[in-house]
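A look at the structure
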Amino acid sequence: MNLSEMETDALNELFNIGLHRAAASLSDLTGQRVDVDLPRLWVCSMEELKDRLLEVVTGDLATVHQFFGGPMAGDAVLLLEYEKAVMLADLMTGGEVALGGRLDQSAREVITEIGNVVLSSCLGAFGNVLRVAVSFSVPRIHIESLDGMMRSVVIDSDQGVPYALVAATRFGLSELEISGYLIVVIGVKSLELVSQALTERLGA
Amino acid sequence: MSMGAAAIPLFQPGPPAEALLHAGDLLDAGVLAVDTALVVRGWNHWLEGASGWSAEAVVGRPLLDVFPELAGSRAEAAFGRALEGETVVLAHRFHEYLLPLPAGAGFPGFARMQQSARLVPLFSAGQVEGAVAVVHDVSERVAREAELRTAMDRAEVASQAKSEFMAGMSHELRTPLAAIMGYSDLLEGEVVGPLSERQKEFMRRINAGARHLTGIIEEILTFSRIEAGREGVYPEPVDPAAIAADALALVEPQGNEKGLVILAVFPEHPIEAVSDAGKLRQILVNLLGNAVKFTDAGEVELRVRADAEAVTFEIRDTGPGIPPEYLERVFEPFTQVDASSTRAKGGTGLGLPVSRRLARLLGGDLEVESAVGRGSRFTLIVPLAPPAPGEDAGE
């Protein structure tokens, strides 16, 4: 499944809208300016996903999974390297959590909430353009290896061959930038739906 | 894996709704259900215990009647979002609590129960029919974390104070020492009048003692600066082999006096590197000085070689060696293998800890191998270029 350049641009815009909303929510939540932007976006198969992530992340990962259902269904993941997750939790709470460089339970909750805000903002933007309701499971945080993450990404088999929409994200706060990845795994059926909706919007 | 999109006809009578609410009674967490008008529809046993209100007293009343202070709060906004179909996570660090409930036993006064919460919309035939909030009491955890944080802060402050005290004290000690050395130099040089041979010998001893003490204080000072994170690195173009040759020249007389064979192997061509010459010299003088100091017979060898990335210095001696259990401890401050050797050989026990910390500041490292009765080999590796700023050059 290939997306045209125009579709990729539109997808980029969709993620941008979602992340902009997420940044506003996070700024509101923390009382400090939080920027979330999207330097890169790509679409790939699950086999490719692992290879490409291997190039950009190392060590343990902190991931927040949120399954979503409705006409568009799949798994959405916010992926951060463990150390970056510690930094992010620490910065977001003004140095209140992340004792001794570890994600304790409070810090995990903080990351879960950040994941929830980012994932639901982005998927909400998808829902708007598709004019469908997207419903979510309760988000779960995992500390796992890349292999572990690949195994924990689950989608219903009736959605067809899974594809990954991967948005490299950058959280900017306190003059620092923390990079992470937002991965939306959907079946080819959902991807076609998205592609179709984007084409309609673009054609209009 | 549940999609959270399951249609549960919660507020119509029937088995699923009742089953859900009964299940909620089994949980060690608060379960609260509201309908789209934010009227309480479910209130589990846990909430009855925590709030003191029975389900009969609460169910059927608007949530904002039960808790007027929720009006306009983030908690109310979170319920609003859940009723729009969103799943919402409230981390205690951002929100402290969802429902204003009193904290349990062990939290005196009017403390609030600290909570983390999850809110999920309930759908029926694609429409949001209400929302369920699950609340966890995290008061004890928060108190425990706060204690831990205070303890860590205290330890940090104490360690900082210790480093500052050491740095301050070292300065205080150096000032009078400078006077002792300066005036004894003048006396020994007979600037103010002739001395007898015996008086000159005494002056020499005073001077040597003062210089030794200065060396020890310098070590303490360097160590406390490194520990306090105040030791800067000043890279410049240097030839590490030339610095090693200088360092060797400094300790050679002492080695010759003890009858040791001093060997040195340098590369044929000068090495071009960018590093902090002062720190490199300090490490090498320290390592070579130790080798000579602790070796009573045999040889001390220095080998210098470079590859494309780093220069390696090997300092080998035929001294007493270090027992395996002490091998890593030699890099810990105030440790000497044999406490009696401190008196016999002198020194602070800071030479090796300082050397390793300096080596790491330069982006390199210092390692040791040793065999008791046969001698030790210290290997110092220093990169040809300094680590990029911001890169962790520390431990």
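Note: the structure precedes this text.
Bear in mind that the values here come from a model prediction, so they are computed numbers and not experimental data.

**Points about the nonpolar core**
Leu11, Phe15, Leu26, Ile114 and Phe171 of chain A are the most contacted members of the largest nonpolar core, which has 59 residues in total. It is helix H4 (residues 105-130) of chain A that contributes the most residues to this core, twelve residues altogether. In this structure isoleucine 114 of chain A touches Leu26, Leu88, Met92 and Phe171 of chain A together with Phe94 of chain B, once residues within four positions along its chain are discounted. In this structure, Ile220, Ala241, Leu260 and Ala359 of chain B belong to the second largest nonpolar core, which totals 45 residues.

**So, the interface of chain B and chain A**
Taken residue by residue, the interface counts 28 residues in chain B and 30 residues in chain A. Regarding the contact of chain B and chain A, the summed buried area is about 2500 Å², with carbon and sulfur atoms giving 58% of it. Summed over the shared surface of chain B and chain A, the result is one salt bridge. Measuring nitrogen to oxygen at the nearest pair gives 3.3 Å for the salt bridge that ties arginine 141 of chain B to glutamate 109 of chain A. For the pair chain B and chain A, the interface holds twelve residue pairs in polar contact (both at pLDDT 80 or more). Per element, the largest residue contribution to the side of chain B that touches chain A is five residues, and it comes from helix H7 (residues 139-188) of chain B. Considering only residue class, the side of chain B that touches chain A consists of 13 nonpolar, seven polar and eight charged.

**Some thoughts on the sheet that holds strand E2 (residues 40-43) of chain B**
Pairing between the strands of a sheet comes from backbone hydrogen bonds, and it takes one of two forms, parallel or antiparallel. One open sheet accounts for five strands, arranged E2-E1-E5-E4-E3 (chain B); its pairing is antiparallel. The open sheet is flanked by E2 and strand E3 (88-90) of chain B, the only strands paired with a single partner. Recorded for the sheet is a direction-independent mean angle of 20° between the axes of neighbouring strands. Of the pairings in the sheet, the one linking strand E1 (residues 30-35) of chain B to E2 of chain B comprises three bridges and is antiparallel in character. Within E2 of chain B, the position partnered with valine 34 of chain B by the bridge is valine 40 of chain B. Sitting on the sheet, H4 of chain A touches E3 and strand E4 (115-124) of chain B, and the angle it makes with E3 of chain B is about 150°.

**Brief notes about the sheet that holds strand E9 (residues 299-306) of chain B**
Residues and elements named next belong to chain B. Pairing within the open sheet is mixed, and its five strands lie in the order E7-E9-E10-E12-E11. Each edge of the sheet is formed by a strand with only one pairing partner; in this case those strands are strand E7 (261-265) and strand E11 (365-371). Across the sheet, the mean angle separating the axes of adjacent strands is 10° when strand polarity is ignored. Where strand E10 (residues 310-317) and strand E12 (residues 375-383) come together, seven bridges link them in antiparallel fashion. Bridge pairing in E12 places glutamate 314 opposite threonine 379. Docked against the sheet, helix H9 (residues 240-258) engages E7, E9 and E10, running at close to 175° with respect to E7.

**With respect to a nonpolar patch on the surface**
A cluster of nonpolar side chains, contributed by Tyr183, Leu186, Leu187, Val191 and Val192 of chain B, occupies part of the molecular surface with about 520 Å² of accessible area. Position of valine 192 of chain B relative to the elements: it lies in the loop between H7 and helix H8 (197-227).

**Structural notes on the pattern of salt bridges**
Residues and elements named next belong to chain B. In the structure shown here, the tally under the stated rule is 28 salt bridges over all chains. Ionic pairing is found between glutamate 86 and arginine 81, a salt bridge with its closest N-O pair at 3.4 Å. For aspartate 185, the salt bridge identified is with arginine 211, shortest N-O distance 3.6 Å. Taken as a pair, aspartate 185 in helix H7 and arginine 211 in helix H8 lie far apart in primary sequence, 26 residues in all. Residue class for arginine 211 comes out partly exposed when judged on its relative accessible area of 47%.

The rules behind each value
Residues numbered from 1 in each chain as written. Chains lettered and ligands numbered in written order. Predicted model: local features only at pLDDT ≥ 70, side-chain atom pairs only at ≥ 80, totals over all residues. Heavy atoms only, no water. Core = buried A, V, L, I, M, F, W, Y, C linked by side-chain atoms within 4.5 Å. Buried < 20%, exposed > 50% of the residue type's maximum accessible area, 1.4 Å probe, protein only. Helix = DSSP H or I, 4+ residues; strand = E, 2+ residues; numbered from the N terminus. Contact = heavy atoms within 4.5 Å. Buried area = accessible area lost by both parts, 1.4 Å probe. Salt bridge = Lys/Arg side-chain N within 4 Å of Asp/Glu carboxyl O. Polar contact = N/O pair within 3.5 Å; in protein donor to acceptor, adjacent residues only side chain to side chain. Nonpolar A, V, L, I, M, F, W, Y, C, P; charged D, E, K, R; others polar. Pairing = 2+ DSSP bridges. Axes fitted to C-alpha atoms, helices over the stretch in contact; angles between N-to-C directions. Patch = residues over 30% accessible without salt bridge, like charges linked within 9 Å, V, L, I, M, F, W, Y side chains within 5 Å. Areas by Shrake-Rupley, 256 points an atom, 1.4 Å probe, with all protein chains shown as cover.

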